[in-house]
Amino acid sequence: MKVFAFAATSSRQSINKQLVQYATSLIANADIELIDLNDFEMPIYSTDRETEHGIPDAAQRFFDKITHADAVIISFAEHNGTYTAAYKNVFDWASRINQKVFQNKPMLLLSASPGPGGAKSVLTQANASAPFFAAQVKGSLSVPSFYDNFDMVSGKLNNAQLNEQLTAQVKALLS
Ligand SMILES: Cc1cc2nc3c(=O)[nH]c(=O)nc-3n(C[C@H](O)[C@H](O)[C@H](O)COP(=O)(O)O)c2cc1C
């Protein structure tokens, strides 16, 4: 079982990276690949760039990571109610290889914010658009007030209810 996971943000101090890392730690006996989106930085997508220079190698590398995975976990950061520019750019380029970016993989969609909103707006958008991009969403969880609900020292959710939900969803992802 190969699991491809990442936080949809370019922040080095990312709370979503903490969350996605914790989610992967709940998986036993799997080959986990947790990538940093910064390793897939590309020029901002434009049709002119695509016509002139084609699709960057990094977009193909990203797409191939999904191809070779049995399951995918993404934790979304929310910027101004939607995706971070860093994620949207990688996604836009990857969608030019094949619009079915998620290639029918079982997926877990997470989100986190320091405030009470839990980045629910971006998570709602990711869930709503999932069918267009061939994502088989097996679970979805928003973590609000991150610093209250997540112990930064142990790297674990310390809210029992959220932890229970995440554990169940990870199980569902792999079943
Ligand atoms: C440009 C910008 C816009 C933001 N917009 C939102 C927002 O719409 N909703 C929200 O809950 N948090 C927003 N935030 C706060 C982020 O949730 C916070 O920076 C969080 O740490 C981002 O996740 P990350 O640490 O995984 O990158 C914004 C932050 C930035 C820098």
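Here's a quick rundown of the structure.

Rules and cut-offs
Residues numbered from 1 in each chain as written. Predicted model: local features only at pLDDT ≥ 70, side-chain atom pairs only at ≥ 80, totals over all residues. Heavy atoms only, no water. Near = heavy atom within 4 Å. Polar contact = N/O pair within 3.5 Å; in protein donor to acceptor, adjacent residues only side chain to side chain. Areas by Shrake-Rupley, 256 points an atom, 1.4 Å probe, with all protein chains shown as cover. Helix = DSSP H or I, 4+ residues; strand = E, 2+ residues; numbered from the N terminus. Expected span 1.5 Å × (residues − 1). Buried < 20%, exposed > 50% of the residue type's maximum accessible area, 1.4 Å probe, protein only. Arc of directions from axis to C-beta. Pairing = 2+ DSSP bridges. Right-handed = clockwise from strand over helix to strand, strands pointing away. Axes fitted to C-alpha atoms, helices over the stretch in contact; angles between N-to-C directions. Parallel < 35°, antiparallel > 145°, perpendicular 65-115°, else oblique. Left-handed = near helix turned anticlockwise from the far one by under 90°. Contact = heavy atoms within 4.5 Å. Nonpolar A, V, L, I, M, F, W, Y, C, P; charged D, E, K, R; others polar. Core = buried A, V, L, I, M, F, W, Y, C linked by side-chain atoms within 4.5 Å.

Turning next to the site of the ligand. Thr9, Ser11, Ser14, Ile15, Asn16, Ala77, Glu78, His79, Asn80, Gly81, Ser113 and Pro114 make up every residue found near the ligand. The contact in question runs from an oxygen atom of the ligand to an N or O atom on the side chain of serine 14, over 2.6 Å. Within the backbone of glycine 81, one N or O atom sits 2.8 Å away from an oxygen atom of the ligand. Contact with the protein chains covers 64% of the free accessible surface of the ligand, which is 620 Å².

Spanning 15 residues, helix H7 (residues 160–174) covers 21 Å between terminal C-alpha atoms, matching the ideal 21 Å at 1.5 Å per step. Restricting attention to buried positions, one finds in H7 the residues Leu162, Leu166, Gln169, Val170 and Leu173. Down the axis of H7, the smallest arc covering the buried residues is 105°, so these residues share one side. Pointing more than 90 degrees away from the buried face of H7 are the exposed residues Ala160, Gln161, Glu164 and Lys171.

Next up on the list: the pairing of strand S2 (residues 31–35). Sheet analysis places strand S1 (residues 2–8) next to S2, joined by five bridges and oriented parallel. Within S2, the position partnered with phenylalanine 4 by the bridge is glutamate 33. Regarding the hand of the β-α-β motif, the stretch spanning S1, helix H1 (residues 15–25) and S2 is right-handed.

Running from N to C, H1 and H7 cross one another at 60°; their axes reach a closest spacing of 10 Å. The angle between the axes of H1 and H7 places the two elements in the oblique class. Between H1 and H7 lies a crossing of right-handed hand. Between H1, through Leu19, Tyr22 and Ala23, and H7, the contact on the second element is made entirely by Asn163, Leu166 and Val170. Of the residues contributing to the contact of H1 with H7, the split by class is five nonpolar, one polar and no charged.

This part takes up the nonpolar core. The biggest cluster of nonpolar side chains holds 33 residues, and the ones touching the most others in it are Phe4, Phe6, Phe62, Ile74, Phe76, Tyr87 and Phe102. Among the elements of the structure, S1, helix H3 (57–67), strand S3 (71–76), helix H4 (85–95), strand S4 (105–112) and helix H5 (120–129) are those that each provide at least two residues to this core. Setting aside chain neighbours within four positions, we find isoleucine 74 in contact with Phe6, Ala8, Tyr87, Phe102, Met107, Leu108, Leu109 and Leu110. Ala5, Ala71, Val143 and Leu157 belong to the second-largest nonpolar core, a separate cluster that totals 23 residues.

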